[in-house]
Structure formats: structure tokens, C-alpha cells
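Remarks on the overall topology
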Amino acid sequence: MEYADGTPRISLRGVWALVGEAWGVYRTKFWSLAAASIVPIAALLLMESAITQTIGTGTTVGMVILVVRTLGGFVGSFAIISILVEGVGVREAFRRMPQRIVGYAWVQLLRSFAIVGGILFGLIPGLIFSVELLFAPYVFLGEGKKGAQALIQSRRYTKGCWWATYGRMAGMALIFAIPILIAYLPVAILVVWDALSS
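Treat the numbers as computed from the prediction; the structure is a model and nothing was measured. (Residues numbered from 1 in each chain as written. Predicted model: local features only at pLDDT ≥ 70, side-chain atom pairs only at ≥ 80, totals over all residues. Heavy atoms only, no water.)

1. Quick look at the overall build of the protein
Put simply, the rule is: Where helices and strands are cited, they refer to DSSP runs of H or I of at least four residues and of E of at least two residues respectively, numbered from the N terminus. The classification of residues rests on relative accessible area computed with a 1.4 Å probe and restricted to protein chains. Under 20% of the type maximum is buried, over 50% is exposed, and intermediate values are partly exposed. Only heavy atoms enter the contact rule, under which two residues are in contact if any of them lie within 4.5 Å. All accessible-area figures derive from a Shrake-Rupley calculation using a 1.4 Å probe, and residue coverage is judged against the displayed protein chains alone. Note on charges: Lys and Arg go in the positive column, Asp and Glu in the negative column, and His and the chain ends are not counted at all. Think of each charge as sitting on NZ of Lys, CZ of Arg, CG of Asp or CD of Glu.
Along the backbone of the protein there are 8 helices and 0 strands. Along its sequence from the N terminus, the protein presents helices and strands in the succession α-α-α-α-α-α-α-α. Overall, the C-alpha framework of the protein stretches about 60 × 45 × 40 Å when taken along its three principal axes. When burial is assessed residue by residue, the protein has 27% of its 198 residues classed as buried. Pairs at least 24 residues apart make up 58% of the contacts formed inside the protein by residues separated by at least 6 positions. Here the protein has roughly 13000 Å² of accessible surface; of this, 71% comes from carbon and sulfur atoms. When the 16 positive and 9 negative side-chain charges of the protein are each reduced to one mean point, those points stand 5 Å apart.

2. So, the packing of helix H1 (residues 15-28) against helix H8 (residues 162-197)
Our working rule: To get an axis, a line is fitted to the C-alpha atoms, and for a helix only the part in contact is used. The angle between two axes follows their N-to-C directions and goes from 0 to 180 degrees. Angles below 35 degrees are treated as roughly parallel, those above 145 as roughly antiparallel, those between 65 and 115 as roughly perpendicular, and all remaining angles as oblique. Left-handed describes a crossing in which the near helix is turned anticlockwise from the far one by less than a right angle; the clockwise case is right-handed. All residues other than Ala, Val, Leu, Ile, Met, Phe, Trp, Tyr, Cys, Pro, Asp, Glu, Lys and Arg, Gly among them, are scored as polar; the first ten of these are nonpolar and the last four charged.
At a minimum axis separation of 9 Å, H1 and H8 run at an interaxial angle of 60 degrees. As summarised for this structure, H1 and H8 are arranged oblique, according to the angle between their axes. As for how H1 packs across H8, the hand of that crossing is right-handed. Two secondary-structure elements touch here, H1 through Val15, Trp16, Leu18, Val19 and Ala22 and H8 through Gly167, Arg168, Gly171, Met172, Ile175 and Phe176. Among the residues making up the contact of H1 with H8, the classes are represented as 8 nonpolar, 2 polar and 1 charged.

3. Focus: the layout of surface pockets
Which entries qualify depends on this criterion: Two kinds of site are reported from a 1 Å grid over the protein atoms alone, namely cavities, where a 1.4 Å probe fits but cannot get out, and pockets, open sets with protein on both sides within 12 Å along at least five of seven lines, and residues are called lining when an atom falls within 4 Å of a point. Grid points are joined across faces, edges and corners, and a volume is the space filled by probe spheres set on the points.
Of the voids in this model, the largest pocket is the one considered here, and its volume is about 1300 Å³. Lining the largest pocket are 28 residues; nearest its centre among them are Leu18, Leu134, Phe135, Tyr138 and Met172. Counting only elements with at least two residues in the lining of the largest pocket, the list comes to H1, helix H3 (59-86), helix H6 (136-143) and H8. With 7 residues, the top contributor of residues to the lining of the largest pocket is H1. In the lining of the largest pocket, the residues fall into 20 nonpolar, 3 polar and 5 charged.

4. What to know about the side chain of glutamate 132
Formally: Polar contacts, as counted here, are pairs of nitrogen or oxygen atoms within 3.5 Å of one another; within protein the pair requires one atom able to donate a hydrogen and one able to accept it, and residues that are adjacent in sequence qualify only if both atoms are side-chain atoms.
Note on placement: glutamate 132 falls in helix H5 (residues 123-132). Overall, the relative accessible area of 13% leaves glutamate 132 in the buried class. A polar contact of 2.9 Å, which involves the side chain of glutamate 132, links it to the side chain of arginine 155. Setting aside residues no more than four positions away along its own chain, glutamate 132 makes contact with Ser154, Arg155, Thr158 and Trp162.

5. As for the packing of aromatic side chains
Note the following rule: A pair of Phe, Tyr and Trp rings is counted when the ring centres sit within 6.5 Å of each other, with Trp represented by its six-membered ring. The angle between the planes then sorts it: under 30 degrees is stacked, over 60 is edge-to-face, the rest tilted.
Going through the model one piece at a time under the given rule, you end up with 9 aromatic pairs. Ring plane angle 80 degrees and centroid distance 4.8 Å describe the contact between phenylalanine 30 and tryptophan 31, whose orientation is recorded as edge-to-face. Note on phenylalanine 74 and tyrosine 104: the rings are 5.1 Å apart at their centroids and 50 degrees apart in plane angle, and the pair reads as tilted. Pair noted here: phenylalanine 74 is in helix H3 and tyrosine 104 is in helix H4 (residues 90-120), with a separation of 30 residues, a long-range link. With respect to class, phenylalanine 74 is no different from tyrosine 104; both count as buried. Pairwise contacts between aromatic rings join Trp23, Tyr26, Phe30 and Trp31 into one cluster.

Shape is all these values report; function is a separate question.
Here it is, written out as C-alpha cells:
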């Protein structure tokens with residue numbers, strides 16, 4: 001069954017099925033995903049250390065470090081999505097990066113502008129765009145669609161199932177957040193206890 005524009009209607013897996021599938025992928029690609037996360041973080045720490053040792057501290061240094069951290073997160077997200085979507089290892093993901101990073105940056109920039117533009121009209125339009133455009137980086141790396149075409153394809157994927165997509169995102173976020181909240185609960189209790197007792 002299709003929509004009028006030819007977009008096929010799809011049925012989505014449940015939250016627990018997605019969590020199980022994500023856990024399976026995580027287990028099989030753990031070392032590649034860990035390396036894709038650790039390499040940019042290690043490079044960032046070295047760069048931040050070098051910047052603060054040579055320049056010192058201050059507002060300008062803070063801004064430079066913020067830019068460096070943003071770029072590191074950007075590089076890490078490219079590598080992680082490349083590993084997940086293209087099924088490559090971490091070396092291959094970083095090897096492919098120079099040829100595709102500009103296109104990836106363009107898709108992410110367009111996506112960010114659309115979401116911020118939506119937020120300017122209110123929280124609800126921003127939320128709608130953030131869900132509709134969620135898959136744009138994956139479309140770029142997995143299907144090779146560039147720029148606005150990646151955003152359009154991402155919107156097609158959520159057509160007719162926006163609430164279902166949002167529900168799965170929120171459900172998975174909650175499932176992954178609960179262990180983190182439980183782990184930090186003792187720290188929060190100690191902080192509150194210390195604040196109240198002093």
C-alpha cells in the first residue's frame with residue numbers, strides 16, 4: 001500500500017524489538033563503535049591540553065575549545081553512522097571521511113537550520129522537524145542522497161508514522177536513560193544531603 005506520492009506505507013517494529021536489535025548490533029560492532037568514539041575524544045583532549053598550555057585560559061580559549069569539541073563530536077558521529085549504515089570497520093570509516101565529510105556537514109547544517117527554523121515558529125514545529133529529519137544523515141551515508149534530497153527522503157520515511165517514530169525514540173531514550181539515572185541517584189542524594197546539612 002502506498003501514499004499518493006508513491007511513498008510506501010511501512011509498519012514499524014516495537015520499542016523492545018528495536019532495543020534488542022540495537023543491543024545485537026552494539027555487541028557485534030562494539031570495538032569499532034568504541035574506537036570511533038574514543039579516537040575523536042582522545043584527539044580532542046590532546047588538542048585542548050595543547051591549546052590551554054600554549055595560549056592559556058579565557059573566553060577566547062573557551063570558544064576555541066567549544067569549536068574543537070563540536071568538530072570532534074561531528075567526526076565521531078560521522079564514523080559511528082558510517083559503521084552502522086555502511087557496515088564498515090572504524091579504519092574504513094575514517095578513511096572514507098575526507099571524501100564525504102563536506103556532504104555530511106551540508107546535510108547536518110540543512111537539518112539544523114530546518115529544526116531551528118521550526119523552533120522559531122514554536123516548540124511543536126521544531127519537534128516535528130526534529131523527528132521528520134532524524135534519518136537525514138543515515139540517508140546521506142546509506143543511500144548517497146545529498147543535501148535537501150536526504151532531508152526529503154528522511155521526511156518520507158516518517159510519513160504516516162510520525163507519532164510511532166516519536167514514540168519509539170522517546171521509549172528507547174527512556175529505556176537507555178533509566179540505568180544512567182539509577183547509577184547517578186546515589187551521587188544526587190549525596191549532593192542534596194551535603195547541601196542541606198551545610
